[in-house]
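Coordinate inspection notes
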Amino acid sequence: MDAIAIRHNDEIIDLQTAKELGVEGEGIELDNAPEALDVLRHSTAHLMAQAIKSLYPEAKFYVGPVVKEGFYYDFKVDSEIGVGDLKKIEKQMLFFAKKKHEIEKYEITMDEAKEKFANDHLKLSVMERIPSETVSIYKQGEFEDLCRGPHLPSTKYIRYFKLLKLAGAYLGGDSKNEMLTRIYGIAFADKESLKAHMTMLQEAEKRDHRKIGKEMKLFTFREEVGAGFPIWLPAGGRLRARLEGLLFKAHRKRGYEPVRGPEMLKADLWKVSGHYQNYGENMYFTSIDDVEFGVKPMNCVGHIKVYEDELHSYKDLPLKYFEYGVVHRHEMTGALHGLFRVREFTQDDAHIFCTVDQIEEQIIEVVDFVDKIMTTFGFEYKMMVSTKPEKAVGDADVWEKSEQALFNAMKANNLDYEIDEGGGAFYGPKIDIKITDAIGREWQCGTIQLDNNLPERFKLEYNGADNEKIQPVMIHRAILGSFERFIGILTEHYAGEFPMFIAPTQVAIVPIAETHNAYAKEIADKLIDLGADSEIFDKNESLNKRIRTAEKGRVPMIIVIGDEEVQANTVAIRDRRTREQSNSSLDDFLSMIQTKINEVNF
Ligand SMILES: [Zn+2]
Ligand SMILES: [Zn+2]
C-alpha cells in the first residue's frame, strides 16, 4: 500500500513536506492506526469544508480539528443550515473525493495570509493566535485553507466517512462571542470499520444515560436549579447508596479511615496550595465577614488538615484517608453533558501519606483495588503511566523512585500499561485508569497521582527513626473518578440493566389485590433486613399495567402475590433478565436474594 505520510523524528509529516525537506522516515499507510486516522480525519474535515464552500460560497471557516468523536469544522454561512443538509454536503464531498484532487501545500508570510483572508474575519481571528511569521496554506482544487497539516497527498484516499451531527458552537468556546455552526464527522480507512462504528453509535444512542436515567427515574436536571447541577431522584439515590456502601466496606478493609473536610475553605489556604493562582478561574469564591473563601474544587487540602491534626512518626505511616468528597468546578456551559460533565460532583477521593519507600506497595494495593472494582463491573481496563515532564518540581531522587515504583507496581500485577513520556504533572508521575465498556468505548476514570508538591507547600512532616523531620509523599487517588460520571458510564455499560448487587431496586412486589398488601409489606421489610430494596406496586391500576411499569423500571426480580401465595407463604417469581417464571417458598426466595446481593465484594 502507498504511504500517505511519513514519521520523521517522532512527528507525522506529509509526503510533500518530507520531499521538500529531503528527509526520509517510516511510511504511514492508510489504516486505522491512530496516526493514520488523524491525518485521514483532518483531511476529511478539509474535504467537508471544500464541499460546504462550493454549496455556500459565502461560507467562512474557523477551525477544523480532529477530536475523540472524529473531526469537526466550525464555520459560518448566511443561510439556515440544518441536519437535513448533511446528506447534500456528504454527496458533494464524495464528488470532490472522486475528482482525486491533489492536496498541495505552500507557504506565505503572515502579512500575505492576512491579505489573502482579509474578507474572512474567522480566519483572521485564527491567525491572531499564531505566533509565527509564515503560515502554510493547503490547496485542493479551488479550495484553500490555512493549516499546519499534515494532510493526505490526495482527496482520493477519502472514501469511508459520515457526517454525524450539527451543533452550534461559540467562536473559541466563549459564550460572549458569535455563534458558529459545527458539523461533526467520522472517517475510517475501510468500509467495515465505518459500519461497525455507526452500529456502535446507534447502540450508544439507545443506551444514552440521559434517556435511561429519565426512564428509570435515577436523576434529573432542572433549568431553575442550574445547568450542570444534578438532582438525584429516589431510585438514583438508592443506586448511589449501594455503590457507596460497597466502597465504604472496601476502603475500611484496606485500612482507609473516613474523614470529611469542609465544603469551603479560606482563600488563603488555596493560595498556599497553589489552586488560587493556578486553578482560580475554575473555582467559586464567596466571602464570610469580609474574608474570602473558596468552594473546594478538590479534597486534598481538607485531608492535609486531617494529617496536620497530630504529630506523626514513621511508624504511623502509611495513613490513608478517604472521603466521598463533593467538589465544585466551573465548567463551560457548552461542555456540560448529562452526568458525564457536571459542575458539582462527588469524588471517591482518598489520600495516602507514606514514606518514599512505601510508594511501591501502596501503588500495588491501589492497582489491585482498581482491578477488583473494574472486573466486578465487567470492564476491561488499561493503565497509562505518565512520567516526569520537562517542567517539574521536587527532588530528582524522589522522582526517580516514584516512577520506578509505578512501573514496578504495573509489573507486579502483570498489567498491561502504556507510557505517556513526559505527560506527568509538574509535581509527580501518575497512572490514569482507562476502562472499555460493553460496546467498546473507552472512558477515562480514576487517577493515581503522586505528589511531592503539596507536602512541601504545607510543610508536612513526620518523625524519622532518629527523630529527624522528614517530608511524607502524598498519593491522590480516585478509582471511580466521580460517582456522577461513573454512574453515567455504568448506566450506558449495562443499558440500565444493573446487576442485582447494584440495581436501584432489587425486587418489585406486585400484590394482585388490596387484601395482599399486608403480605407485600411484610416481604418488603424482610428484604430491607437483608440489605435489599424493594418497591410495592399497589397502585389502583390493572395487574398487567403494574407489571409493565415494574419492568420499565428494569427491576431485576418481580414477584406477584395473590391468595395462593399469602396462604402458602410463597411467591410467584418473574426473572426479568431470563424471562423465567417460577414459584418458591418465601424463605428460599429471601435467601436467594441475600446470596445475590452479597456475592459481590470489592
Ligand atoms: Zn487543516
Ligand atoms: Zn487530592
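Relevant structure appears above.
Now for a description of the structure that goes with this document. What you are looking at is a predicted structure, and each value in this text was computed from that prediction instead of being measured.

Along the backbone of the chain there are 19 helices and 31 strands. Referenced to the eigenvectors of the C-alpha coordinate spread, the extents of the chain come out at roughly 90 × 75 × 55 Å. The buried share among the 602 residues of the chain stands at 50%. As displayed, the chain offers around 29300 Å² of accessible surface, 48% of which is attributable to carbon and sulfur atoms. Taking the average place of the 79 positive charges on the side chains of the chain and the average place of its 101 negative ones, the gap between the two points comes to 5 Å.

Let us now look at the packing of helix H8 (residues 234–253) against helix H15 (residues 483–493). Angle between the axes and distance between the axes are the two parameters that describe a pair of packed helices. Contact geometry of H8 with H15 gives a least axis separation of 11 Å together with a crossing angle of 110°. As summarised for this structure, H8 and H15 are arranged roughly perpendicular, according to the angle between their axes. As H8 runs across H15, the sense of the crossing is right-handed. Side by side, H8 and H15 meet where Leu-239, Arg-240, Leu-243, Glu-244 and Leu-247 of the first sit next to Phe-483, Glu-484, Phe-486 and Ile-487 of the second.

This part takes up the coordination of the zinc ion (ligand 1). Within the protein, the atoms that donate to the zinc ion (ligand 1) are His-42 (NE2), His-46 (NE2) and Cys-147 (SG), at distances of 2.0 to 2.2 Å. Along the chain, the residues that donate to the zinc ion (ligand 1) are spaced as H-x3-H-x100-C. Residue His-42 and its partner His-46 are both found in helix H2 (residues 34–55); the two are separated by four residues, about one turn of the helix. Neither His-42 nor His-46 differs from the other in exposure class; each is buried.

Next up on the list: the coordination of the zinc ion (ligand 2). Within the first shell, the zinc ion (ligand 2) binds the protein through Cys-300 (SG), His-351 (NE2) and His-476 (ND1), at distances of 2.0 to 2.3 Å. In primary sequence terms, the donor set of the zinc ion (ligand 2) follows C-x50-H-x124-H. Of the two residues, His-351 is situated in strand E19 (residues 344–354) and His-476 in strand E26 (residues 473–482); the sequence distance between them amounts to 125 residues. Across this residue pair, the class does not change: His-351 and His-476 are buried.

On to the sheet that holds E19, then. A sheet is described by the order of its strands in space; here eight strands give the open sequence E14-E18-E19-E26-E23-E22-E20-E21, paired in mixed fashion. Because the sheet does not close on itself, it has two edges, and the strands there are strand E14 (257–258) and strand E21 (417–420). Examined bridge by bridge, strand E23 (residues 442–451) and E26 share five bridges and lie antiparallel to one another. Directly across from Leu-450, in E26, lies its bridge partner Ile-475. Along the sheet, helix H12 (residues 359–376) makes contact with strand E18 (319–328), E19, strand E20 (380–386), strand E22 (430–436), E23 and E26, crossing E26 at roughly 5°.

Contact geometry of H12 with helix H13 (residues 396–412) gives a least axis separation of 8 Å together with a crossing angle of 40°. One finds that H12 runs oblique with respect to H13. H13 is crossed by H12, and the crossing has right-handed handedness. Here H12 contributes Ile-359, Glu-360, Ile-363, Ile-364 and Val-367 to the contact with H13, which in turn contributes Ser-402, Ala-405, Leu-406, Asn-408, Ala-409, Met-410 and Ala-412.

What follows concerns the pattern of salt bridges. Here the structure, examined in full by the defined rule, presents 38 salt bridges. Here Arg-207 ties to Glu-203 by a salt bridge, and the two come within 2.8 Å at their closest N and O atoms. One end of the pair, Arg-207, and the other, Glu-203, are both in helix H6 (residues 191–207), four residues apart, so they sit about a helical turn from each other. Given a relative accessible area of 23%, Glu-203 falls into the partly exposed group. Between Asp-533 and Arg-242 there is a salt bridge, with the nearest N and O atoms lying 3.5 Å from each other. Of the two residues, Asp-533 is situated in the loop between helix H16 (517–530) and strand E28 (534–536) and Arg-242 in helix H8; the sequence distance between them amounts to 291 residues. Salt bridges linked by common partners bring Arg-7, Glu-26 and Glu-35 together as one network.

Right, let's talk about the pairing of E26 for a bit. Side-chain direction in a regular strand flips from residue to residue, so the side chains alternate between the two faces of the sheet. Of all the 10 residues making up E26, 10 are buried; the element is thus mostly covered by neighbouring parts of the structure. Relative to E26, E19 runs antiparallel, the two sharing seven bridges. Bridge assignment links Phe-353 to a residue of E26, and that residue is Met-474.

Now for the pairing of E19. By the criterion of burial, E19 is predominantly enclosed, with 10 of the 11 residues buried. Bridge count between E18 and E19: 10 bridges; the pairing is antiparallel. Residue pairing across strands places Tyr-324 opposite Asp-348, the latter belonging to E19.

Before going further, it helps to examine the sheet that holds strand E1 (residues 3–8). An order of E2-E1-E3 is seen for the three strands of this open sheet, with the pairing classed as antiparallel. Of all the strands in the sheet, the pair left with one neighbour each is strand E2 (11–14) and strand E3 (26–29). Across the sheet, the axes of successive neighbouring strands diverge by a mean angle of 40°, strand direction being ignored. Here E1 runs beside E2; their pairing, made up of four bridges, is antiparallel.

This paragraph deals with the layout of surface pockets. Empty space within the second largest pocket amounts to approximately 650 Å³. His-42, Leu-146, Cys-147, Arg-148 and Gly-149 are the residues nearest the centre of the second largest pocket, which is lined by 25 residues in total. Among the elements of the structure, H2, helix H5 (121–128), strand E8 (134–140) and strand E9 (143–146) are those that each provide at least two residues to the lining of the second largest pocket. No other element matches H2, which puts four residues into the lining of the second largest pocket. Partitioned by chemical class, the residues of the lining of the second largest pocket number 12 nonpolar, seven polar and six charged.

The subject of this paragraph is the packing of aromatic side chains. Counting across every chain of the model gives 24 aromatic pairs. Ring centres of Phe-219 and Phe-221 lie 6.0 Å apart, and the angle between their planes is 80°; on these two criteria the pair is classed as edge-to-face. The exposure class of Phe-221 is partly exposed, given its relative accessible area of 31%. Ring centres 6.2 Å apart and planes at 55° place the aromatic pair Phe-219 and Trp-232 in the tilted group. With Phe-219 in strand E12 (residues 219–220) and Trp-232 in strand E13 (residues 231–232), the pair connects residues that are 13 residues apart, well separated along the chain. Given the relative accessible area of 5%, Phe-219 is considered buried. Put simply, the rings of Phe-248, Tyr-256, Phe-322, Tyr-324, Phe-369 and Phe-483 pair up and form one aromatic cluster. Lying across the ring of Phe-188, Arg-41 places its NZ or CZ 4.8 Å from the centre. In this structure, Lys-165 is placed above the aromatic ring of Tyr-184, and the distance from its NZ or CZ to the ring centre is 4.8 Å.

Attention shifts here to a negative patch on the surface. Where like charges cluster on the molecular surface, the negative patch consists of Asp-111, Glu-112, Glu-115 and Glu-133. As for its placement among the helices and strands, Glu-115 is situated in helix H4 (residues 110–116). Glu-115 sits in the exposed class, given a relative accessible area of 65%.

Rules used in this analysis
Residues numbered from 1 in each chain as written. Chains lettered and ligands numbered in written order. Predicted model: local features only at pLDDT ≥ 70, side-chain atom pairs only at ≥ 80, totals over all residues. Heavy atoms only, no water. Helix = DSSP H or I, 4+ residues; strand = E, 2+ residues; numbered from the N terminus. Buried < 20%, exposed > 50% of the residue type's maximum accessible area, 1.4 Å probe, protein only. Areas by Shrake-Rupley, 256 points an atom, 1.4 Å probe, with all protein chains shown as cover. Lys, Arg positive; Asp, Glu negative; His and termini not counted. Charge placed at Lys NZ, Arg CZ, Asp CG, Glu CD. Axes fitted to C-alpha atoms, helices over the stretch in contact; angles between N-to-C directions. Parallel < 35°, antiparallel > 145°, perpendicular 65-115°, else oblique. Left-handed = near helix turned anticlockwise from the far one by under 90°. Contact = heavy atoms within 4.5 Å. Donors = N, O, S within 2.8 Å, 3.2 Å for Na, K, Ca; no water. Pairing = 2+ DSSP bridges. Salt bridge = Lys/Arg side-chain N within 4 Å of Asp/Glu carboxyl O. 1 Å grid on protein atoms, 1.4 Å probe; cavity = no way out; pocket = protein on both sides within 12 Å on 5 of 7 lines; lining within 4 Å. Points joined across faces, edges and corners; volume = space filled by probe spheres on them. Nonpolar A, V, L, I, M, F, W, Y, C, P; charged D, E, K, R; others polar. Phe/Tyr/Trp six-rings, centres within 6.5 Å; stacked < 30°, edge-to-face > 60°. Lys NZ or Arg CZ within 6 Å of the ring centre and 35° of its normal. Patch = residues over 30% accessible without salt bridge, like charges linked within 9 Å, V, L, I, M, F, W, Y side chains within 5 Å.

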